[in-house]
Amino acid sequence: MTAAKKKKASSSKKEKSTNDGASYSSSPTQLLLRIFPFWVALIGIFMALYWKESNRHQSVSSLSFPEATSLSEPNVRVAKLLFLACRRTYCHPHLQVSKRSLRATERIPQGEKLFEIPRSMHLWDLDAYRDPYVRKHLFKASHKISGNRLSQEAFLAAYLALELHRAEENPSSFDAIRLAYFDSLPTYEEFLAYHPAVQDKDLINELLGRSAAQGVLQGYRNMINAEWEAFSAASPHFENMIGQERYLRARLIVLSRVLHVGPPGPEEVMAASFIGQQLENQDLLLDELYSYQDLIGVNLTDASGGGCIALIPLADLFNHHPNNNVDFQYKKIQPNGSGRSFVVSAVHRNIEKLSEPMASYGTLSDAHLYGRYGFNNGDGSGPIQLNLAFHHDMMKLNMTNDQYNYLPNSGTTPKFRNYQKRGLIKYLMYDDGYDGCIPGPTTHPEEAELKRLKLEHLLRIANDYERWNMLVAPRAPDSLPAVTSTIPITFSIPQFEKDFSYLVPGVERLLETCRMISLINSDFNGKAVAVLKENLDNSNFIIGPNVSDALEFRSYMCVSRWFGTRTVTMELRGKLNAEFQRLATMNRNAFGTFNWTALQVKLGEMQASQAGSALIFQRVSERWEDKKVNAEVEYTAKDLACPEEYATFLYKDDESSSGFLYY
Ligand SMILES: C[S@@+](CC[C@H](N)C(=O)[O-])C[C@H]1O[C@@H](n2cnc3c(N)ncnc32)[C@H](O)[C@@H]1O
């Protein structure tokens, strides 16, 4: 295939808007023929690279990495903390600090306790809510965009920032372990060296392009800025005393180290007089906890809601791998009445001599690991998020505990609807299955009415994560951590299996969204308008897979268009094969660097999006082979969007609210 032909084939996959009113419709033959050479070429390149790479000797030789056979220098601040804390509490004798993490000096058998960290060493969000300054100055904070209250993590970060400041001003009022803990935490400069949330936005855009990771990271950045704005607006005193940089540092500490400790037990009860006037008559913990629900919208009572969060010295020294050999448990109150403690144990397998014990931070996509913690393992052990909502901004961000969303908790408002409408209309601009484009209600009242109703239904699902995103299962679910996280787990680039089964559930959910987009008036036995109208208030309404063959075909073509568009937009910052080669080189000479981390997150998404396209292509080819020649109009999917002015009737009376989300 010549370069020129390849370019033509690839650009034909991209969603485009055009003012050219000429022939928009194309037969499946044309469409499949148009995309066929593109995918054959891509898959061919992909497979060739796969074999080239996987036939190389990929194992990571210990000899080339001195860290594999001996411990690295300890971070002195972390080592001091361990020294002091382990004089007061249980620490496994065979653990030693290596850089900012821990390694075993001898084999530690599975089941052994590694640390037991008493409550007195922790910092809980509950401590934040009990802090008189937080109560007086920060309880009234709310987010500017949504009006939502601040999250548990935000309160813990504000409290940590205050405590760090207090420790600087008056160290004698803190015990030595607390001071050593504060001193051991990453500084602002250390975060600047690696955390993407504090990097230049243009640099990030350059590295990540239009990937889900870029969107996820922007969500975290917006969240931190919005919290700072909210706390500052609630208290100019806090704004002056703490300053944005200190808040940012504290927030990144919380973001990358917070642990869950569950609902507070009876040992957390404290005398009512400590917690201020409002609660003078409340001496029961439960009353106190309910009061937080009223005052700041935080529910700590419900075990399923997660209970409290905390910073826990020593427990927060473990790095992450999904195939972990360390686990955490918050132990119940002891029979002797002593308080709870946080226990860290070796689980699943032994911790081998010289190896780094690894914890699991949970099932997080590579994009979230990157946005929240600033790293990736690079071995394909994490799931990959694909975001196909490229025309509209999702107002729910799918962060842990729903800690930050643009959308008000109480639901959408006309301002949010208008903002999202402009984007959502773009998905409806193809008029697939109709003979030509639908110019609007004057000439095509019924078709225009159906489009209006489809838009209403899209607005209803506009913020449902699974309707527009896919979480693709890991490429290498059984991969194990390296002896230490400072050396590569593998030199090869993880690959997806060719059977595509890992994609099927996610694709089914995307197809459901595309069924709505691809509906035409003759569907539902000609009653499409009536069915959509009847279900306008039905929040569970789905069209389901029992639809006409033609609608299913159009829905597949709609999903195919999405994957194609995602591939093409991501390739604007580097073609897949070139990026693959670049990463293969970086795996050997730039492992763990900022650019390596970003590239490997981006490449995972490119691979997932390409796998998605290949699956759809396979299905369409198998199922609609006979539609390649002289297909009926219901089996047509347009290559180009219809003219923009054909859709203006959908929003012309609305007030514009563009760009109000951005910082
Ligand atoms: C809870 S701390 C873990 C201890 C950490 N090494 C430290 O700096 O104190 C989380 C941070 O450790 C780093 N980290 C965790 N797991 C990692 C891994 N597998 N590879 C590289 N860095 C990792 C990331 O910088 C992350 O933000």
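Parameters at a glance
Residues numbered from 1 in each chain as written. Predicted model: local features only at pLDDT ≥ 70, side-chain atom pairs only at ≥ 80, totals over all residues. Heavy atoms only, no water. Disulfide = S-S within 2.5 Å. Helix = DSSP H or I, 4+ residues; strand = E, 2+ residues; numbered from the N terminus. Buried < 20%, exposed > 50% of the residue type's maximum accessible area, 1.4 Å probe, protein only. Phe/Tyr/Trp six-rings, centres within 6.5 Å; stacked < 30°, edge-to-face > 60°. Lys NZ or Arg CZ within 6 Å of the ring centre and 35° of its normal. Salt bridge = Lys/Arg side-chain N within 4 Å of Asp/Glu carboxyl O. Pairing = 2+ DSSP bridges. Contact = heavy atoms within 4.5 Å. Axes fitted to C-alpha atoms, helices over the stretch in contact; angles between N-to-C directions. Nonpolar A, V, L, I, M, F, W, Y, C, P; charged D, E, K, R; others polar. Near = heavy atom within 4 Å. Polar contact = N/O pair within 3.5 Å; in protein donor to acceptor, adjacent residues only side chain to side chain. Expected span 1.5 Å × (residues − 1). Core = buried A, V, L, I, M, F, W, Y, C linked by side-chain atoms within 4.5 Å. Domains from an automatic or database assignment. pLDDT = per-residue confidence, 0-100.

S.K.: What's the story with the state of the cysteines in this structure? I'm lost.
M.R.: Following the criterion strictly, the structure yields 3 disulfides and no others. Here C437 is linked by a disulfide to C642, with a sulfur-sulfur distance of 2.1 Å. In this structure, the disulfide formed by C437 and C642 twists by about -85° around the S-S bond and is classed as left-handed. In this pair, C437 sits in the loop between α14 (414–427) and α15 (445–461) while C642 sits in the segment after α21 (594–623), placing the two residues 205 residues apart along the sequence. Of the two residues, C437 and C642, both sit in the buried class.

S.K.: I would appreciate a short explanation of the packing of aromatic side chains in the present structure.
M.R.: In this description, an aromatic ring pair is defined by two values, namely the gap between the centres and the angle between the planes. Per the counting criterion, the structure on display carries 31 aromatic pairs. Judged by centre distance (5.6 Å) and plane angle (75°), the rings of Y129 and F155 are edge-to-face. Remark: F155 occurs in helix α6 (residues 152–169) and Y129 occurs in helix α4 (residues 125–130); sequence separation between them is 26 residues. Like Y129, the residue F155 is buried in the burial classification. Relative to W468, the ring of Y427 lies with its centre 4.9 Å away and its plane at 35°, an arrangement referred to as tilted. With a gap of 41 residues between them, Y427 in helix α14 and W468 in helix α16 (residues 465–468) connect regions that are remote in the sequence. Through pairs of rings, three or more aromatic residues link up here, namely Y129, F139, F155, W228, F231, F238, Y247 and Y292. Of note, R119 hangs over the ring of W124, and the distance from its end group to the ring centre comes to 4.1 Å. It is R588 that lies over the ring of F491; its NZ or CZ is 4.4 Å from the centre.

S.K.: Hey, could you run me through the pattern of salt bridges in this one?
M.R.: Where side chains of opposite charge bring their charged atoms close, a pairing between them can arise. Evaluated as defined, the whole model comprises 32 salt bridges. Note that E168 and R246 form a salt bridge whose closest N and O atoms lie 3.4 Å from each other. Pair noted here: E168 is in helix α6 and R246 is in helix α11 (residues 236–257), with a separation of 78 residues, a long-range link. Given the relative accessible area of 52%, E168 is considered exposed. In this structure, R582 and E579 form a salt bridge, with 3.0 Å as the shortest nitrogen-oxygen distance. Highlighted residues: R582 and E579, both in helix α20 (residues 576–589), separated by 3 residues, approximately one helical turn.

S.K.: What is the right way to look at the sheet that holds strand β5 (residues 123–124) in this model?
M.R.: Consider a sheet: its strands pair through backbone hydrogen bonds, and that pairing is either parallel or antiparallel. Strands sit in the order β5-β7-β6 across an open sheet of 3 strands; the sheet is antiparallel. On the outer flanks of this sheet lie β5 and β6 (259–262), each paired with one strand and no other. Across 2 bridges, β5 lies against strand β7 (residues 308–311) in antiparallel orientation. By the bridge assignment for β7, W124 is matched with A310. Taken strand by strand, α6 contacts β5 and β7, and its axis lies near 35° from that of β7.

S.K.: I tried to follow the sheet that holds strand β9 (residues 326–331) on my own but got confused; where do I start?
M.R.: With antiparallel pairing, the 4 strands of this open sheet are ordered in space as β1-β4-β10-β9. A single partner strand is all that each edge strand has here, and the edge strands are β1 (90–91) and β9. For β9 and strand β10 (residues 341–346), the ladder comprises 6 bridges, and the chain directions are antiparallel. In the sheet register, F328 faces β10, and the bridge partner there is V344.

S.K.: Help me understand the packing of α11 against helix α13 (residues 366–373) in this model?
M.R.: Packed helices, taken two at a time, are described by the angle between their axes plus the distance between the axes. Running from N to C, α11 and α13 point in directions that differ by 145°, and their axes come no closer than 8 Å. Within the contact between the two elements, α11 uses V254, L255 and S256 and α13 uses G371, R372 and Y373. Here the contact of α11 with α13 is built from residues that sort into 3 nonpolar, 2 polar and 1 charged.

S.K.: So what exactly am I meant to see when it comes to the environment of F617 here?
M.R.: Structurally, the position occupied by F617 is in helix α21. Note: C-alpha distance between F617 and S560 (57 residues apart in sequence) is 7.5 Å.

S.K.: Where do I start with the site of the ligand in this structure?
M.R.: Residues in close proximity to the ligand total 15 residues, the closest being R100, R257, N319, H320 and Y373. Between Y373 and the ligand, the recorded distance is 2.8 Å, taken from a backbone N or O atom to an oxygen atom. Contact distances for the ligand include 2.9 Å between a nitrogen atom and a side-chain N or O atom of N377.

S.K.: Help me understand α20, please; the structure alone is not making it clear to me.
M.R.: An α-helical turn contains 3.6 residues, so any two residues separated by three or four positions project in the same direction. Here α20 contains 14 residues, and its C-alpha end-to-end distance of 20 Å stays within 8% of the 20 Å for a straight helix at 1.5 Å per residue. Buried within α20 are the following residues: L576, E579, F580, L583, A584, M586 and N587.

S.K.: Help me understand the environment of V216 in this model?
M.R.: Counting through the fold element by element, V216 comes out in helix α10 (residues 212–234). Look at V216 and you get buried, because its relative accessible area is 10%. A C-alpha to C-alpha distance of 9.0 Å links V216 and N398, two positions 182 residues apart in sequence.

S.K.: Is there a simple way to think about the pairing of strand β3 (residues 101–104) in this case?
M.R.: Each regular strand carries side chains that alternate between the two faces of the sheet. Taking every second residue as pointing to the same face, both faces of β3 are buried, with S101 and R103 on one and L102 and A104 on the other. Here strand β2 (residues 95–98) hands over to β3 after 2 residues, with K99 in that stretch at a positive phi of 50°.

S.K.: Help me out: how do you make sense of helix α19 (residues 549–571) in this one?
M.R.: Here α19 is 23 residues long and its end C-alpha atoms lie 33 Å apart, about the 33 Å a rise of 1.5 Å per residue gives. For α19, the buried fraction is high: 22 of the 23 residues fall into the buried class.

S.K.: Whenever I open this one, the nonpolar core confuses me. Can you help?
M.R.: Most often, soluble globular proteins have nonpolar side chains that are buried together. Counting residues in hydrophobic clusters, the biggest one holds 109 residues, and the most contacted among them are L114, F115, L160, F231, F238 and Y247. Three or more residues apiece are contributed to this core by two domains, here domain 1 (131–168 + 181–257 + 265–308) and domain 2 (385–398 + 405–650). Within the second largest apolar cluster, 63 residues are counted, among which are L428, W624, Y635 and L650.

S.K.: Hey, could you run me through the confidence of the model for the chain in this one?
M.R.: For any part of a model where pLDDT is low, the fine detail of the predicted coordinates should not be relied upon. Overall, the prediction assigns the chain a mean pLDDT of 87, with 85% of residues at 70 or greater. Note that residues 1–33 has pLDDT below 50 and, in this model, 80 contacts with residues that lie over four places away or in other chains. For residues 278–282, every residue scores under 50 in pLDDT, and the model assigns this stretch 11 contacts once sequence neighbours within four places are set aside.

S.K.: Please clarify how unusual backbone geometry should be interpreted in this entry.
M.R.: Peptide bonds are trans in most cases, and residues, glycine excluded, mostly fall at negative phi. The phi dihedral of D431 is positive, around 50°, even though this residue is not glycine. Relative to the elements of secondary structure, D431 occurs in the loop between α14 and α15. Its identity as a non-glycine residue notwithstanding, F524 has a phi of 50°, on the positive side. Within the fold, F524 resides in the loop between α17 (504–518) and α18 (528–534).

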